[in-house]
Amino acid sequence: MCAAESPSTVLVTGGAGFIGSHACVELLDHGYQVIVVDDYSNSCPRVLPRVERIAGRFFGAVYELDIRDRRALSAVFDRHPVDAVVHFAAHKAVGESTRMPVTYYDTNVGGTTALLHTMHEHGVRDLVFSSSCSVYGDAGEGPLDESTPHRPTNPYAASKSLCERVLADVCAHDPRWRVLCLRYFNPAGAHPSGLLGEDPHGTPDNLFPYVAQVAVGRRRRLRVLGGDWPTPDGTAIRDYLHVMDTVEAHRIALDHLADSRGLSVFNLGRGQGSSVLDVVAAFEEASGVSVPYEITGRREGDVAALVADAGAVARAWGWRPSRDLPAMCRDAWRFQQLNPDGYRGSPRRPGTKD
Ligand code: NAD
Ligand code: WQD
């Protein structure tokens, strides 16, 4: 159960998405009343009954809405005694952001300011915000701590950096706000039940769901985006973090909101780098299936290596991730095998969205 001073009703934006759906399980499991808003632009409502099935509890309410629609969002705050917000809703594909920068600023920055306005109007000023290691950009050899300057290399990363700037100003000028900004490195894996996982619309932009879809036979081969990076095997290095560890950190963040003041920023990572070829090898090992790949050119906006110094969050809250790369691969593979065509391919039970 949540600690006595923890918020009890939490609004989760983007609660049907990859991280959001896992976070909902974690929050329901810990006694929170959870309200979800999502426009399903990169998710499927069928995930939500699965969340309830795993948790053995129901959502307080679920709303299909675009967070930029302040009137619709305000109606949610009118109806529910929201104590705190966990804000996941955003567009997150780096490559797409270089083709659609305005859409990314509009949803990610405009969506966040619409949410902040609405929260303020309803006297809700406790927020956990999803930021990204991509704000650090091409910062060179890691591990990177939170003081690393922002050098975003693509519109997605710049939109997250701008959101952080907005949050810093809001907190600096109104001491009633309490905001925990979590900069995730690369969340991956799936719920161990195999019922929840990463199921993006269209062709996956991220490595893990792409590898999983190749392994299950939905795609022919992985394109490894660059074999000439300045890394030991020439492929880019990232700090992959199990989604279950990621969402556990959000629940712990909610527990700590009450003792926080203003804006605090924490990296969420394992502090261990894996190259693209390391991920391919680990996935093959976990699945027993070969993952064919070809090495192609680099993706615009990519960087050689991003690895976290996650010492600050460990010192502040004692949070340390406990699941390794093989566990991420096993869980991602279980989800992909049980749901080869994702949520939309699952049989629909009559009278339900599942
Ligand atoms: P996701 O796309 O699976 O989830 C985002 C959810 O937000 C989706 O359900 C989508 O439909 C919803 N959404 C998007 N725009 C919306 C809008 N205007 N109104 C309402 N709902 C909207 O992504 P995710 O991987 O779960 O990421 C969650 C958050 O974490 C995002 O803010 C993302 O930028 C951030 N993040 C993700 C990663 C990662 O690797 N997955 C890393 C760092 C940060
Ligand atoms: C990982 C590595 C690719 C796809 C971005 C954001 C980060 C977070 C995760 C949201 C890179 C390579 C990928 C493919 C590949 N997202 N790759 N073939 O780019 O590190 O991070 O998404 O916030 O904040 O910056 O993640 O999973 O897209 O890529 O070779 O088909 O895999 O080049 O080196 P990335 P990713």
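Residues numbered from 1 in each chain as written. Chains lettered and ligands numbered in written order. Predicted model: local features only at pLDDT ≥ 70, side-chain atom pairs only at ≥ 80, totals over all residues. Heavy atoms only, no water.

**Focus: the site of ligand 1**
With respect to spatial proximity, 27 residues lie near ligand 1, and among them Asp38, Asn42, Ser43, Phe88 and Tyr156 are the closest. Within the side chain of Asp38, one N or O atom sits 2.6 Å away from an oxygen atom of ligand 1. For ligand 1, whose accessible area on its own is 810 Å², the fraction buried by protein is 97%. The biggest single contributor to the shell around ligand 1 is strand β5 (residues 126-132), with three residues. (Near = heavy atom within 4 Å. Polar contact = N/O pair within 3.5 Å; in protein donor to acceptor, adjacent residues only side chain to side chain. Areas by Shrake-Rupley, 256 points an atom, 1.4 Å probe, with all protein chains shown as cover. Helix = DSSP H or I, 4+ residues; strand = E, 2+ residues; numbered from the N terminus.)

**Let's talk about the site of ligand 2**
Inspection of the region around ligand 2 gives 19 residues, with Ser132, Tyr156, Arg223, Arg238 and Asp302 positioned closest. Residue Leu225 places a main-chain N or O atom 2.9 Å away from an oxygen atom belonging to ligand 2. Protein contacts shield 92% of the accessible area of ligand 2, which totals 670 Å² for the unbound molecule. A per-class count over the shell around ligand 2 returns ten nonpolar, four polar and five charged. (Nonpolar A, V, L, I, M, F, W, Y, C, P; charged D, E, K, R; others polar.)

**Some points on the pairing of strand β4 (residues 84-87)**
Residue alternation in β4 divides its side chains into two sets, Ala84 and Val86 and Val85 and His87, and both sets are buried. As paired elements, strand β1 (residues 9-13) and β4 share four bridges and run parallel to each other. Counterpart to Thr13 in the pairing with β4 is His87. Summarising the sheet, β4 and β5 pair through three bridges and their orientation is parallel. Residue pairing across strands places His87 opposite Phe129, the latter belonging to β5. (Buried < 20%, exposed > 50% of the residue type's maximum accessible area, 1.4 Å probe, protein only. Pairing = 2+ DSSP bridges.)

**Let's talk about the packing of helix α7 (residues 207-215) against helix α9 (residues 276-287)**
Packing of α7 against α9 leaves a shortest axis separation of 11 Å and a crossing angle of 40°. Looking at the two axes, α7 sits oblique to α9. Classified by chirality, the crossing of α9 by α7 is right-handed. Between α7 and α9, the contacting residues are Leu207, Phe208, Val211, Ala212 and Ala215 on the first element and Val276, Val279 and Phe283 on the second. Tallied by class, residues from the contact of α7 with α9 come to eight nonpolar, no polar and no charged. (Axes fitted to C-alpha atoms, helices over the stretch in contact; angles between N-to-C directions. Parallel < 35°, antiparallel > 145°, perpendicular 65-115°, else oblique. Left-handed = near helix turned anticlockwise from the far one by under 90°. Contact = heavy atoms within 4.5 Å.)

**A few points about the sheet that holds strand β12 (residues 274-275)**
Here three strands make up an open sheet; going across it, the order is β12-β9-β14 and the pairing mixed. At either end of the open sheet lies a strand with only one pairing partner, and these are β12 and β14 (305-306). The sheet contact formed by strand β9 (residues 237-238) and β14 spans two bridges and is parallel. When the bridges of β14 are listed, Ile237 appears paired with Ala305.

**Quick word on the pattern of salt bridges**
This model, assessed by the stated rule, comprises 17 salt bridges. Between Arg323 and Asp245 there is a salt bridge whose closest N-O contact spans 2.5 Å. Of this pair, Arg323 sits in the loop between α10 (311-317) and α11 (325-338) while Asp245 sits in helix α8 (residues 243-257), and the two are 78 residues apart along the sequence. Each of the salt bridges in this network shares a partner with another, and the network as a whole consists of Asp205, Arg238, Arg299 and Asp302. (Salt bridge = Lys/Arg side-chain N within 4 Å of Asp/Glu carboxyl O.)

**Thoughts on α8**
Compared with an ideal rise of 1.5 Å per residue, which puts 15 residues at 21 Å, α8 spans 21 Å between its outermost C-alpha atoms and is within 8% of the ideal. The buried fraction of α8 amounts to 13 of the 15 residues, a majority that puts the element mostly inside the structure. (Expected span 1.5 Å × (residues − 1).)

**Quick notes on the state of the cysteines**
This structure, assessed with the given rule, holds zero disulfides. Note on Cys133: no disulfide assigned, nearest cysteine sulfur contributed by Cys181 at a separation of 12 Å. Classification of Cys133 by relative accessible area gives buried; the value is 5%. Note on Cys171: no disulfide assigned, nearest cysteine sulfur contributed by Cys181 at a separation of 9.7 Å. You can call Cys171 buried: its relative accessible area is 9%. (Disulfide = S-S within 2.5 Å.)

**Here we look at the nonpolar core**
By size, the foremost hydrophobic cluster in this structure holds 46 residues, and its most contacted members are Val34, Phe59, Leu182, Leu254, Leu268 and Trp317. For Leu182, the residues in contact, after removing those within four places along its chain, are Val128, Phe129, Ser130, Ser131, Ser132, His250, Ala253, Phe266, Leu268 and Trp317. (Core = buried A, V, L, I, M, F, W, Y, C linked by side-chain atoms within 4.5 Å.)

**What about the environment of Tyr240?**
Here Tyr240 lies in strand β10 (residues 240-242). Look at Tyr240 and you get buried, because its relative accessible area is 5%. Separated by 32 residues in sequence, Tyr240 and Gln272 place their C-alpha atoms 7.7 Å apart. Once you skip the residues sitting within four places of it in the chain, Tyr240 turns out to touch Asn186, Ala188, Leu207, Phe208, Arg270, Gln272, Ser274, Val279, Leu325 and Met328.

None of the figures reported here should be taken as evidence of function without further support.
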